[in-house]
Amino acid sequence: MKSSLTPGTAAMLTLAPLLWAGNAVVGRLINDLVPPMTLNLIRWLLAFVLLLPLAHRVLRRNSPVWTHWRRFMVLGLLGIGCYNALLYLALQTSTPINVTLVGSSMPVWMLAIGTLFFGVSATRRQVAGAALSITGVVVVLSRGEWAQLLALRLVPGDFFILLATVAWAFYSWLLVRTSEPATIRNDWAAFLMGQLVFGLGWSCLFAGAEWASGMGTPIVWGTPLLAALAFIAIGPALLAYCLWGIGVRRAGPSLAGFFANLTPLFAALLSAAFLGETPHLYHALAFSLIVGGIVVSSRR
């Protein structure tokens, strides 16, 4: 399995968490405008429309997607149907600090799932890198004051983000277990469209269950919601998934998992920019620890 880290690959794996951090911030901002499962469905419907001119051939009757439907159904469930829906659902009941703290366990789940289900043992450097990276995230979430961590209280949203993190870890490992033809695999638009075909089905199912259960609330249409939908459909959905997929195939899931820990740091910085929170010295310390974890884990 490839595990090298080039500057280009590092840039891809860094930009994806930046976009996903923006997704989390925007998700919190429009929390009261649209239900979580419905938001996930609308997000991917827009992404489907935007992607259609680039990958419409995937929908043809003789497309290899239908031959490998089981694989794309699983990828669509984990990456399209579950992850962001669970994230938006978590933000309904959990605080940002809890959500990002639980999500910071990504490298641990990457290493554990790789060892248990994919036969890839974690190295000592990867374990050490995971410890450094998670420490950096804890520094951000505690705002440099450890007493804040003692005040944490678990709520249902924390369980949802844990499920989302595990789903994403499985998704990332499945990205490197290639079985589809190179014509789809090497074309990011076609590969994502293959996932979208089935992922939209899962998203419709979950959104339908949301409304049938009475949990769906009226959508508040307007400029704020439309602008938010445009951003999350183009940036976190299309561009980030493209960059993450290529980066994971180049660097490997274990190493890529450490880059996911940049998400809460970027979320803190974006909150400072858009929500009026001032950056502090502990942000610089956290950044050093997270990057240190990436460097340690990527050394041969």
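Placed above this text is the structure.
Note that the coordinates shown come from a computational prediction; the quantities given were computed from them, not determined experimentally. (Residues numbered from 1 in each chain as written. Predicted model: local features only at pLDDT ≥ 70, side-chain atom pairs only at ≥ 80, totals over all residues. Heavy atoms only, no water.)

Draft legend 1. The arrangement of the overall build of the chain in detail. Counting its secondary structure elements, the chain contains 15 helices and zero strands. Relative to its 300 residues, the chain shows a buried fraction of 53%. The long-range fraction of contacts in the chain, counting pairs at least 24 apart against all pairs at least 6 apart in sequence, stands at 88%. Surface accessibility of the chain: about 13300 Å² in total, with carbon and sulfur atoms responsible for 70%. (Helix = DSSP H or I, 4+ residues; strand = E, 2+ residues; numbered from the N terminus. Buried < 20%, exposed > 50% of the residue type's maximum accessible area, 1.4 Å probe, protein only. Contact = heavy atoms within 4.5 Å. Areas by Shrake-Rupley, 256 points an atom, 1.4 Å probe, with all protein chains shown as cover.)

Draft legend 2. Examining the pattern of salt bridges more closely. Taken as a whole and judged by the stated rule, the model has three salt bridges. Between Asp187 and Arg57 there is a salt bridge, with the nearest N and O atoms lying 2.1 Å from each other. Here Asp187, found in the loop between helix H10 (182-185) and helix H11 (188-212), pairs with Arg57, found in the loop between helix H2 (36-55) and helix H3 (64-67); they are 130 residues apart in sequence, far enough to count as distant. Residue Arg57 is classed as partly exposed on the basis of its relative accessible area, which comes to 34%. (Salt bridge = Lys/Arg side-chain N within 4 Å of Asp/Glu carboxyl O.)

Draft legend 3. Up close: a nonpolar patch on the surface. Residues Leu15, Leu18 and Leu239 make up a contiguous nonpolar surface patch of roughly 210 Å² in combined accessible area. By the secondary structure assignment, Leu15 is in helix H1 (residues 7-29). Overall, Leu15 belongs to the partly exposed group, its relative accessible area being 33%. (Patch = residues over 30% accessible without salt bridge, like charges linked within 9 Å, V, L, I, M, F, W, Y side chains within 5 Å.)

Draft legend 4. Layout of the environment of Ala251. Take Ala251: it is sitting in helix H12 (residues 223-251). Placed 238 residues apart in sequence, Ala251 and Leu13 show a C-alpha to C-alpha distance of 9.1 Å.

Draft legend 5. Up close: H11. The terminal C-alpha atoms of H11, which comprises 25 residues, lie 35 Å apart, in line with the 36 Å expected from a rise of 1.5 Å per residue. The sharpest bend along H11 measures roughly 30 degrees and falls at Val197. Backbone geometry just downstream of H11 places Gly214 in the positive-phi region, at approximately 85 degrees. (Expected span 1.5 Å × (residues − 1). Bend = angle between axes of the 7 residues up to and from the residue.)

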